[in-house]
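Observations on the three-dimensional arrangement
Each chain, written out:
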Amino acid sequence: MKIVVRADASLTMGSGHIMRCLTLADGLKQQGHDISFICREHDGHLADLIGQKGFAVQLLAKSGTADFIKQHAHSEWLGASESDDFAECKPILQALKPDWLIIDHYAIGKNWEQQAKRLLPNLKILAIDDLADRTHDCEILLDQNFGRKNEDYQPLVPSDCQRLLGTRYTLLRDEFASWRAMSLSRRKSVQPPNNILVNLGGVDNDNVTLKILQSLNTFFQQSTQSFNVTVVMGKTAPHIESVQRFAKRASFACAVLVNVTNMAELMANADLAIGAAGSTTWERCCLGLPMVLIVLADNQQVIAEALADKNLVKVVTDMATLDEQLPRLLSELADNYKKFSRQSAKLVDGQGAKRVVHWIEFAQKFQHCQVRQSTQADSQMIWQWRNHIDVRRWMFGQNEIALADHEKWYGKQLDRANVHLLIFEVAGEPMGLVNVTQMTVDKYQTLQLANTHTANPNSSNPNSSRQNEKTASWGFYLSPNSPKGQGFGFALGVLAIAQIFNTTDIGKITAQVLAYNTASLALHRKLGFSETGVLKQHFGVGDKVYDVVEFELKSQDFLF
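All of these numbers come straight from a predicted model, not from anything done at the bench.

Thresholds applied
Residues numbered from 1 in each chain as written. Predicted model: local features only at pLDDT ≥ 70, side-chain atom pairs only at ≥ 80, totals over all residues. Heavy atoms only, no water. Helix = DSSP H or I, 4+ residues; strand = E, 2+ residues; numbered from the N terminus. Rg over C-alpha atoms; globule rule 2.2 N^0.38 Å. Buried < 20%, exposed > 50% of the residue type's maximum accessible area, 1.4 Å probe, protein only. Core = buried A, V, L, I, M, F, W, Y, C linked by side-chain atoms within 4.5 Å. Contact = heavy atoms within 4.5 Å. Disulfide = S-S within 2.5 Å. Phe/Tyr/Trp six-rings, centres within 6.5 Å; stacked < 30°, edge-to-face > 60°. Lys NZ or Arg CZ within 6 Å of the ring centre and 35° of its normal. Expected span 1.5 Å × (residues − 1). Pairing = 2+ DSSP bridges. Axes fitted to C-alpha atoms, helices over the stretch in contact; angles between N-to-C directions. pLDDT = per-residue confidence, 0-100. Parallel < 35°, antiparallel > 145°, perpendicular 65-115°, else oblique. Left-handed = near helix turned anticlockwise from the far one by under 90°. Nonpolar A, V, L, I, M, F, W, Y, C, P; charged D, E, K, R; others polar.

Observations regarding the overall build of the protein chain
- The helix and strand inventory of the protein chain stands at 18 helices and 20 strands.
- Here the C-alpha radius of gyration of the protein chain, 27 Å, is about what a compact globule of 560 residues would show, namely 24 Å.
- If you line up the protein chain on its principal axes, its C-alpha atoms span 85 × 60 × 35 Å.
- Scored against the burial criterion, the 560 residues of the protein chain give a buried share of 56%.

What follows is the structure, encoded as structure tokens:
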């Protein structure tokens, strides 16, 4: 596929948008896709870095005026009106004719996106947002922030937009996943924590870094413990020299590094971090690095407050009292070091970029597929599907079901809060059923034979009555008339499982599959399920007895 990224960096907005788009671009490039960038020539635009990473970049001229209509809270970041910006991008898009457009810009919304789609009718858009403060016309919406909920974007995106929300979709470079195991392991023996990493983003326009070092200097002079401080700054940061001068005369060992390429290694070997509450927060979480956050922009306030409310980080609430707050916050992290490390590491696993890449590829192939909640109106259709020989021969209950029995069961399922019945659709036409029940199956439970009544005749696996808030079992099937060989079983699985993991507190899905159902066995493995056991000679059909294969899929192992 040909993909164009529209994103900017500047001394005002920082480098985070470009950096996370480069991460996503790297992942897409590894899959063989052609990526290029469109950026405006703001001061600190990072076009050179984009080129060094191997991507073509087209620069829009820096605007000489701020006299334009401000449609969004951060419109001034664009350096032009939304319409003028698109007009400048139009000839580039016409020439490149991309399949996908990735937009990561707080000043671009629905108006710009709709103009792009009118220009290129087959274009698909991934919008990366953090604010939920404007409407979008996009196929995929990515907001990687902690605590983000589906309803936050409900009125802002099309109903069929795939929403990738929360920290499981955090865009981190591969190096963070590579260093994660080592980093988490060494934190088990850190005592006391004395290696501090300071990073206030790639720009730090207000020289907060220097204020932090001055505060640490006062604190360390009064402490009996020795500390080592490493400062990391971006090459476009305007106050590098003043920080370097202070580091030379500080009362503690202080190294100032500029434009580093081994950030994950530095974080993995640090004990504590002091940093901006921007995208670097998720890098620290991935490596389990306990942190004190500094809010440098209004849009970082939400992240900081959400994490502080869950006691996952410490936050400087008032820079005017930094000298008082910083020693206390660092001490609180040190006193509960392993807890802060463990809890933050749970938020981000380093696989977010891979998940987003997979979603782009999935949406390109299965753009007309979706799942929806089943309704009472679907009852008879499901009954007819379930009784078809091509469906029930794979079930644990293989007898035909009377309509009255089905309707009684179906009505109960719709009323149960722990049951999720989903209809899989292709271009609006129902093509399959998914049943996810928030229960666990006792590993030693004896499966009932095909000729006996099952508690759930519409599922391909039985369920016990023991409920668990974090685990669910699932069953599914495609309709008898669904086209074969087009990957619709995989599409059904991806969409249904993603909805469950992204909208409920379920963290693991289990399955039981008849050993002769080779297609289902292969599908479970393709979706990322792990085989957890085999119930030998456990299910009878007529005069034959078959094994039953048990599977499970944890949320962190699902790469969508």
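Points about the nonpolar core
- One finds Phe37, Leu126, Trp359, Phe424 and Trp474 to be the most contacted residues of the largest nonpolar core, which totals 69 residues.
- A total of 11 residues in this core trace back to one element, the largest contributor, which is helix H17 (residues 488-503).
- Leave out the neighbours within four places in its chain, and Phe37 touches Val5, Cys21, Leu22, Ala25, Ile50, Phe55, Ala56, Val57 and Gln58.
- Leu216, Val243, Ile294 and Leu322 belong to the second largest nonpolar core, which has 37 residues in total.

Regarding the state of the cysteines
- Under the definition given, this model contains 0 disulfides.
- Cys286 takes part in no disulfide bond, and the closest cysteine sulfur to it belongs to Cys285, at a distance of 8.8 Å.
- You can call Cys286 buried: its relative accessible area is 0%.

A few points about the packing of aromatic side chains
- Taken as a whole, this structure holds 23 aromatic pairs when the rule is applied.
- An angle of 10° between the planes, with centres 4.2 Å apart, marks the rings of Phe220 and Phe227 as stacked.
- Looking at Phe227, the relative accessible area reads 10%, which means it is buried.
- Pairwise contacts between aromatic rings join Trp359, Phe362, Phe366, Phe490, Phe501, Phe558 and Phe560 into one cluster.
- The ring centre of Phe340 lies 4.7 Å from the NZ or CZ of Lys339, which sits over that ring.
- Across from the ring centre of Phe490, 4.4 Å away, lies the NZ or CZ of Lys526, which sits over that ring.

Description of helix H1 (residues 16-30)
- Between its terminal C-alpha atoms H1 stretches 21 Å, which fits the 21 Å expected from 15 residues at 1.5 Å a residue.
- Among all positions of H1, only His17, Ile18, Arg20, Cys21, Leu22, Thr23, Leu24, Ala25, Gly27 and Leu28 are buried.
- For H1, the elements touching its buried residues are strand S1 (2-7), strand S2 (34-40), helix H2 (47-52), strand S4 (100-104), strand S5 (124-128) and helix H13 (352-365).

Some points on the side chain of Ser520
- Along the chain, Ser520 turns up in helix H18 (residues 518-527).
- Exposure remark for Ser520: the relative accessible area of 11% places this residue in the buried category.
- Each residue touching Ser520, except ones within four places of it in the same chain, is listed here: Phe476 and Val513.

Looking at the sheet that holds strand S15 (residues 419-426)
- Pairing within the open sheet is mixed, and its 7 strands lie in the order S14-S15-S16-S17-S18-S20-S19. Bordering the open sheet on either side are strand S14 (369-373) and strand S19 (530-541), each of which pairs with just one other strand. Neighbouring strand axes in the sheet, compared pairwise and without regard to direction, differ in orientation by 30° on average.
- Looking at chain direction, S15 and strand S16 (residues 429-437) are connected through 8 bridges and run antiparallel. Of the residues in S16, the one forming a bridge with Val426 is Glu429.
- Across the sheet, helix H14 (residues 379-387) lies against S15, S16 and strand S17 (471-478), angled at about 85° from S16, the strand it touches most.

Some remarks on the confidence of the model for the protein chain
- For the protein chain, the average pLDDT comes to 92, and 95% of its residues sit at 70 or higher.
- Low pLDDT (under 50) marks residues 440-468, which in the prediction has 82 contacts with non-local residues, meaning those over four places away or in another chain.

Some points on the packing of helix H6 (residues 208-221) against helix H7 (residues 240-249)
- The geometry of H6 relative to H7 is characterised by a closest axis approach of 9 Å and an angle of 15° between their N-to-C directions. Viewed along their axes, H6 and H7 adopt a mutual orientation that is roughly parallel. In the crossing of H6 with H7, the sense of the turn from one axis to the other is left-handed. On H7, the residues that touch Thr209, Leu210, Leu213, Gln214 and Asn217 of H6 are Ser242, Val243 and Phe246.
- For the contact of H6 with H7, the residue count by class is 4 nonpolar, 4 polar and no charged.

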